[in-house]
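Spelled out, the chains give:
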Amino acid sequence: METIRGKYVLVTGATGGIGQQVAKLLAGAGAHLFITGRNAAKLEALGTACNLPASNRFAADITDATEVTALHGRFFEVFPQIDILINAAGIGIIKPMDQLEEKDFIHTLNLNLVAPFLLLKNFLPDFKARKSGLIINIPGVLGKVPMAGAAAYSASKYGLVGMIQSVREEIKRTDIRFTNLFLGGVDTPFWDTIDLRVQRDKMVQAEEAAKAIWFLCQQPLSGVVSEMVLQPFNHQAI
């Protein structure tokens with residue numbers, strides 16, 4: 001197994017429920033950590049909790065190409081290379097089609113699909129230059145098995161999976177790894193704005209989801225975990 005200690009790691013969506021837990025685990029494991037998210041105040045608090053210098057965090061909207069380019073520049077002002085990119089940013093808008101507005105659909109696509117595209121456009125050349133590294137995305141189980149009311153979310157996550165599979169073919173003669181984590185229900189603020197009856201006490205805990213990502217950062221040198229599925233006992237869709 002590879003060790004996380006000394007790895008140069010970027011976590012996007014670091015101010016989210018899962019992202020915060022991942023950042024804390026990686027900082028505790030000795031990674032060289034850089035965090036980004038949209039909320040500057042939450043990002044500062046997380047940086048303090050992880051004992052990160054101010055230079056190792058950058059507030060950015062990763063749906064904006066200009067801001068992702070700025071994020072890339074700031075990252076490489078601090079670190080000489082990137083070993084692991086963890087994209088923990090995402091949004092879930094769950095509405096039936098007759099209530100789903102165009103702005104909902106576009107916003108979902110922008111954060112769940114366009115943002116990962118922009119991250120790849122900016123950072124993949126750095127991975128390719130070294131012919132190694134790890135990129136982790138979180139399509140969620142709705143990127144495999146859709147459900148009613150998830151037209152926008154599933155469209156974005158299916159698109160993410162397709163994009164990653166295509167790019168994987170482009171770099172298969174390198175040691176660059178792509179891992180997709182298909183998470184089921186995780187008890188995070190993700191659900192705060194979703195109008196569904198859900199049993200959050202029976203969901204996967206954010207800390208456990210983060211431990212799965214921590215584990216994936218330590219993949220064996222001789223192989224790659226292309227996919228991992230983690231979901232609650234009471235709702236196994238896959």
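In this report, the structure presented in the accompanying data block is examined. No experiment lies behind these values; they were computed from the predicted model shown.

## Quick notes on the overall build of the chain
1) Next: Across its full length, the chain carries six helices and nine strands.
2) Next: Expressed as a percentage of its 238 residues, the buried residues of the chain come to 48%.
3) Next: Here the contacts in the chain between residues at least 6 apart in sequence split such that 67% fall between residues at least 24 apart.
4) Next: Summing over all exposed atoms, the chain offers an accessible surface of approximately 11,400 Å²; the carbon and sulfur share of this is 52%.

## Quick look at the pattern of salt bridges
1) Next: Counted according to the given criterion, the structure contains eight salt bridges.
2) Next: Measuring nitrogen to oxygen at the nearest pair gives 3.6 Å for the salt bridge that ties Asp104 to Lys103.
3) Next: Overall, the relative accessible area of 7% leaves Asp104 in the buried class.
4) Next: Close ionic contact of Glu208 with Lys211 constitutes a salt bridge, the shortest N to O distance being 3.5 Å. Placement of the pair is Glu208 and Lys211 together in helix H6 (residues 206–216), with a separation of three residues, close to one helical turn.
5) Next: Since its relative accessible area comes to 41%, Glu208 is described here as partly exposed.
6) Next: What emerges from the salt-bridge pattern is a single network uniting Lys95, Glu101, Lys103 and Asp104.

## Considering the packing of aromatic side chains
1) Next: Under the defined criterion, the tally for this structure stands at seven aromatic pairs.
2) Next: Ring geometry for Tyr8 against Phe79: centres 5.2 Å apart, planes inclined by 55°, an arrangement best described as tilted. In this pair, Tyr8 sits in strand S1 (residues 8–12) while Phe79 sits in the loop between helix H3 (65–78) and strand S4 (84–87), placing the two residues 71 residues apart along the sequence. Considered together, Tyr8 and Phe79 belong to a single accessibility category, that of buried residues.
3) Next: Chaining the aromatic ring pairs together yields one cluster made of Tyr8, Phe34, Phe75, Phe76, Phe79 and Phe123.
4) Next: In this structure, Lys144 packs its charged tip against the face of Phe182, placed 4.7 Å from the ring centre.

## Remarks on empty space enclosed by the protein
1) Next: Enumeration according to the criterion identifies one cavity of 30 Å³ or more in this entry.
2) Next: Of the voids in this model, the largest cavity is the one considered here, and its volume is about 30 Å³.
3) Next: Lining the largest cavity are Leu85, Asn87, Pro116, Leu119, Leu120, Ile135, Asn137 and Ile164.
4) Next: Mapped by element, the contributors of at least two residues to the lining of the largest cavity are S4, helix H4 (102–130) and strand S5 (132–137).
5) Next: Here the lining of the largest cavity is composed, by residue class, of six nonpolar, two polar and no charged.

## Focus: the sheet that holds strand S3 (residues 57–59)
1) Next: An order of S3-S2-S1-S4-S5-S6-S9 is seen for the seven strands of this open sheet, with the pairing classed as parallel. Two strands in the sheet have a free side with no partner beyond their single neighbour: S3 and strand S9 (227–230). On average, adjacent strands in this sheet sit at an angle of 15° to one another, irrespective of strand direction.
2) Next: In the packing of helix H5 (residues 151–170) onto the sheet, the strands contacted are S5 and strand S6 (175–183), and the crossing angle to S6 comes to about 160°.

## A word on the environment of Gln21
1) Next: Mapped onto the secondary structure, Gln21 falls in helix H1 (residues 17–28).
2) Next: By relative accessible area, which is 23% here, Gln21 ends up partly exposed.
3) Next: In the structure, Gln21 is positioned 193 residues away from Trp214 in sequence and 9.7 Å away in space, judged by C-alpha atoms.
4) Next: Setting aside chain neighbours within four positions, we find Gln21 in contact with Ala206, Glu207 and Ala210.

## A few points about H1
1) Next: Counted at 1.5 Å a residue, the expected span for H1 with its twelve residues is 16 Å, and the 17 Å between its end C-alpha atoms agrees.
2) Next: Of all the residues in H1, the buried ones are Ile18, Gly19, Val22, Ala23 and Leu26. Seen along its axis, H1 keeps its buried residues to an arc of 130°; they face one direction.
3) Next: In the segment just after H1, Gly30 is the residue with positive phi, at about 90°.

Cut-offs used in this document
Residues numbered from 1 in each chain as written. Predicted model: local features only at pLDDT ≥ 70, side-chain atom pairs only at ≥ 80, totals over all residues. Heavy atoms only, no water. Helix = DSSP H or I, 4+ residues; strand = E, 2+ residues; numbered from the N terminus. Buried < 20%, exposed > 50% of the residue type's maximum accessible area, 1.4 Å probe, protein only. Contact = heavy atoms within 4.5 Å. Areas by Shrake-Rupley, 256 points an atom, 1.4 Å probe, with all protein chains shown as cover. Salt bridge = Lys/Arg side-chain N within 4 Å of Asp/Glu carboxyl O. Phe/Tyr/Trp six-rings, centres within 6.5 Å; stacked < 30°, edge-to-face > 60°. Lys NZ or Arg CZ within 6 Å of the ring centre and 35° of its normal. 1 Å grid on protein atoms, 1.4 Å probe; cavity = no way out; pocket = protein on both sides within 12 Å on 5 of 7 lines; lining within 4 Å. Points joined across faces, edges and corners; volume = space filled by probe spheres on them. Nonpolar A, V, L, I, M, F, W, Y, C, P; charged D, E, K, R; others polar. Pairing = 2+ DSSP bridges. Axes fitted to C-alpha atoms, helices over the stretch in contact; angles between N-to-C directions. Expected span 1.5 Å × (residues − 1). Arc of directions from axis to C-beta.

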